[in-house]
Amino acid sequence: MWSRFTSHLYVRIWLAVVATVVVLTFLVAAAWRFTKDPPQLPIREVLVHNVAGEVIGTAQTRPDRKLGEDLEFDVVTKDGQALKLLLPRPKRPPPPPWGRLPFDFGWMLIVVGLAVALGAYPVMRRLTLRLESLQRGVERWGEGDLSARVDTSGSDEVAFLAGRFNHAAERIETLMNSHKSLLANASHELRSPLARIRMGLELMGADITSPQRIEISRSISELDQLIDEILLASRLDARQADAEPFERLDLTGLAAEECSRLNVELSADLGATPDEQTNTGLGIATTGHSLTVQGSPRLLRRLIRNLLENARRYSSGDINLELAQIRKGSEDMAVIKVHDRGPGVPAAQRERIFEPFYRLPGASEREGGVGLGLALVKSISLRHGGTVRCEARPGGGASFIVELPIAGVRRTA
């Protein structure tokens with residue numbers, strides 16, 4: 001019965017407070033006992049007796065005697081004699097070591113209060129430690145780590161809440177995994193009917209320049225691109241560490257190939273002198289040594305291609321890609337910047353454009369794209385331990401900036 005009563009957290013906190021008050025009361029009483037002088041009863045009258053026990057005189061204390069002085073009496077006997085009686089006050093023994101404190105009662109109370117506060121801290125800390133553990137687990141889960149769980153030891157309300165949280169987190173993780181698996185499997189199964197539609201279109205023998213055939217071909221291409229990007233996004237969300245192996249690669253050459261494919265200008269300033277200019281073999285000159293990083297060639301190629309295609313989709317021209325190497329804190333970073341002269345991105349939308357299937361207000365579906373390109377750029381950047389952001393380009397347009405660590409990539413799996 002007692003263990004069941006004290007298993008409640010509020011009861012334990014209440015008992016801790018009550019015990020603290022009781023201890024404080026006893027300590028204050030003890031301090032008062034050791035610092036207060038014992039009470040003294042004043043002596044007002046003395047009777048003088050003879051051997052036979054008869055009263056032969058009386059004595060009165062002096063009215064001007066101060067408390068703490070020796071006792072002095074004026075004795076008057078019955079036969080008229082006047083005598084003086086002096087009673088020296090005995091000296092008090094020295095106080096014990098614990099009583100010789102250089103503080104008065106106020107300072108003693110402060111010391112006792114500090115002692116009680118220090119004594120109660122471990123008790124209260126132990127009661128709230130599991131609450132902090134629960135808070136950290138909820139924060140991890142809220143940041144996207146759906147596998148985060150909290151300790152369920154104990155039998156009070158905190159343990160019950162931790163158990164319910166773990167149960168809810170497990171259900172949500174299972175539902176999310178099922179959703180991702182369903183999306184990936186459905187996208188994979190769409191490949192076969194899409195291929196049959198494409199083959200049927202070719203066998204129809206219709207004029208390849210007809211608007212209807214051009215429109216159908218464009219729709220099939222968009223659907224094929226959508227399926228491909230959904231499959232890639234599903235693999236990235238599933239954290240498949242072995243799906244895209246990492247290796248050391250030349251980021252400069254990879255960017256040059258993509259820029260050459262889309263006829264985009266590339267500039268790479270990697271900290272060398274103009275005399276150290278090198279040629280990529282694709283007609284694009286760079287300055288300095290090649291920028292080598294460790295990552296997935298397929299994912300990084302997709303990252304650069306999506307940035308360039310997004311810039312070409314919303315800009316009529318003046319698109320360029322810039323590579324640079326910077327020092328950020330104690331780490332070397334590879335920076336990929338794609339600049340365009342499009343309408344730009346409003347400041348309030350620069351975070352949301354990296355969400356899956358999000359389009360800027362007023363964007364037309366006929367401009368191309370399925371709404372997953374920039375979302376994949378963000379996922380790939382995070383997979384390589386980097387970041388991506390959108391900024392306004394001076395003179396109009398937008399700049400997409402990706403930063404990736406060069407040495408010892410913090411691969412997120």
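This text follows the structure it describes.
Residues numbered from 1 in each chain as written. Predicted model: local features only at pLDDT ≥ 70, side-chain atom pairs only at ≥ 80, totals over all residues. Heavy atoms only, no water.

Peer 1: Looking at this structure, how should I read the pattern of salt bridges?
Peer 2: A side chain of one charge can pair with a side chain of the opposite charge when the charged atoms of the two come close. Across all of its chains, the model carries 14 salt bridges by this definition. In this structure, R393 engages D318 in a salt bridge whose closest nitrogen and oxygen atoms are separated by 4.0 Å. Placement of R393 in the loop between β12 (387-392) and β13 (398-405) and of D318 in the loop between α8 (297-314) and β10 (320-328) is noted, with a sequence separation of 75 residues between them. Here R393 falls in the buried class, since its relative accessible area comes to 14%. Judged by its relative accessible area of 44%, D318 is partly exposed. Among the ionic pairs, R327 bridges to D332, the shortest N-O distance being 2.8 Å. Judged by its relative accessible area of 29%, D332 falls in the partly exposed class. One connected set of salt bridges, linked through shared partners, spans E257, E258, R261, R301, R305 and E309. (Salt bridge = Lys/Arg side-chain N within 4 Å of Asp/Glu carboxyl O. Helix = DSSP H or I, 4+ residues; strand = E, 2+ residues; numbered from the N terminus. Buried < 20%, exposed > 50% of the residue type's maximum accessible area, 1.4 Å probe, protein only.)

Peer 1: Whenever I open this one, the packing of aromatic side chains confuses me. Can you help?
Peer 2: Here the distance between the centres and the angle between the planes together describe a pair of aromatic rings. All told, the structure shown has two aromatic pairs when counted by the stated rule. Where W141 meets F165, the ring centres are 6.0 Å apart and the plane angle is 80°; that geometry is what we call edge-to-face. Highlighted residues: W141 in helix α3 (residues 105-142) and F165 in helix α4 (residues 157-189), separated in sequence by 24 residues. Given the relative accessible area of 23%, W141 is considered partly exposed. Seen from their ring centres, F354 and F400 are 6.3 Å apart, and the 80° between their planes marks the pair as edge-to-face. Of this pair, F354 sits in the loop between β11 (331-339) and α9 (373-383) while F400 sits in strand β13, and the two are 46 residues apart along the sequence. (Phe/Tyr/Trp six-rings, centres within 6.5 Å; stacked < 30°, edge-to-face > 60°.)

Purely spatial values, then, with no claim about function.
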